[in-house]
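Chain by chain, the residues:
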Amino acid sequence: MAVGRLRVALFDLGGTLMVEEESSEELSAEIARGLGLGTAPSYSRVYRGYGMRHASICEASLEAVAYYYHARSNGGRVDPGKARRVYEELVRALAKSLKLLPGARDALREVSGLVDRVVVVSNASSQEAVEEALRDNGLSNYVDAVVTSRLVGVRKPDPRIFLYALSLVNASPSEAVHIGDRGYEDVWGAKRLGIRAIHIARDEPPSVLADAVADSIKDVPTVLREIMST
């Protein structure tokens, strides 16, 4: 496959630009307080039990988890209006729990000046929560599109999520680079399509499939310049 000029940078979110800092128990307490539920089931148990934390092919929605959470908190009775309030509380709590990694804003701004388009591609159960977190942390100005597994119904490394992201910005795989911290979801997922990949090896050994490896998000602009110069 011919290698084209790099026009598009795809960024993973969790572990790459941001990390989830608040514990699931703190989220449970915050949601319960916001909804006046009193004693609510552990959000972490509901979340994992519903299958949301597993690397399944299709992404269950945060709306589905909110509906289930409300039912478990209300003796098996469901009020759609209240279930929607649970969802809105979950979106706010999850967006609030996502914190910028050091240097992420500067790195994203610098990369946005090197390429034509920047797209966030994230395995996430809520499009709204990701968009809110990007806005709240001052990243939206450097991002042209956001694609989550909730939006398209499949998770990385499924090629369809990458292809959808590229179609939004009218780019081919050979014109793109994907930056992420997971060797399987991010590096292998991108490389199987011919998308170049930068592995931020924070918690994993460097991927042998990656075109380049960065120690942190701070190093990505320099690494990207090196790729673009070859």
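Quantities reported herein were computed from a predicted structural model and do not represent experimental measurements.

Run through the pairing of strand 6 (residues 176-180), naming residues and quoting values.
Of all 5 residues making up strand 6, 5 are buried, and the element is well covered by its neighbours. Every second residue of strand 6 is oriented toward a common face, with Ala 176, His 178 and Gly 180 on one face and Val 177 and Ile 179 on the other, all of them buried. Taken together, the 4 bridges between strand 1 (residues 8-11) and strand 6 define a ladder with parallel strand orientation. For Val 8, the partnering residue across the bridge sits in strand 6 and is Ala 176. Where strand 6 and strand 7 (residues 196-200) come together, 4 bridges link them in parallel fashion. In the strand pairing of strand 7, His 178 is matched with Ala 197. A crossover links strand 6 with its parallel partner strand 7, the connecting element being helix 9 (residues 183-191), and its sense is right-handed.

Can you break down the pairing of strand 1 residue by residue, with the values?
By the alternation rule, side chains of strand 1 split into Val 8 and Leu 10 and Ala 9 and Phe 11, which are all buried. In terms of strand pairing, strand 1 meets strand 4 (residues 117-122) through 4 bridges, oriented parallel. Note on strand 4: the bridge partner recorded for Phe 11 is Val 120.

Can you tell me about unusual backbone geometry, naming the residues and giving the values?
Glycine aside, a negative phi is what most residues show, and trans is what most peptide bonds show. Of note, the amide linkage connecting Lys 156 to Pro 157 takes the cis form, showing an omega dihedral of 15°. Tracing the chain through its elements places Pro 157 in the loop between helix 7 (149-152) and helix 8 (159-168). Residue Asn 170 is not a glycine yet carries a positive backbone phi of 55°. Tracing the sequence through the fold places Asn 170 in the loop between helix 8 and strand 6.

With reference to specific residues and values, describe the packing of helix 5 (residues 104-112) against helix 10 (residues 220-229).
Their axes nearest at 9 Å, the elements helix 5 and helix 10 cross at an angle of 25°. Taken together, the axis directions place helix 5 and helix 10 in an arrangement best described as roughly parallel. From helix 5, Ala 107, Glu 110 and Val 111 reach across to helix 10, where they touch Val 220, Pro 221, Leu 224 and Arg 225. Its residues assigned to classes, the contact of helix 5 with helix 10 comprises 5 nonpolar, no polar and 2 charged.

Describe helix 5, listing the residues and the values that go with them.
Buried residues of helix 5: Ala 104, Ala 107, Leu 108 and Val 111, and no others. Around the axis of helix 5, the buried residues are gathered within 95° of arc, so they sit on the same side. Packing partners of the buried residues in helix 5 comprise strand 1, strand 3 (98-100), strand 4 and helix 10.

About the criteria used
- Residues numbered from 1 in each chain as written.
- Predicted model: local features only at pLDDT ≥ 70, side-chain atom pairs only at ≥ 80, totals over all residues.
- Heavy atoms only, no water.
- Buried < 20%, exposed > 50% of the residue type's maximum accessible area, 1.4 Å probe, protein only.
- Helix = DSSP H or I, 4+ residues; strand = E, 2+ residues; numbered from the N terminus.
- Pairing = 2+ DSSP bridges.
- Right-handed = clockwise from strand over helix to strand, strands pointing away.
- Axes fitted to C-alpha atoms, helices over the stretch in contact; angles between N-to-C directions.
- Parallel < 35°, antiparallel > 145°, perpendicular 65-115°, else oblique.
- Contact = heavy atoms within 4.5 Å.
- Nonpolar A, V, L, I, M, F, W, Y, C, P; charged D, E, K, R; others polar.
- Arc of directions from axis to C-beta.

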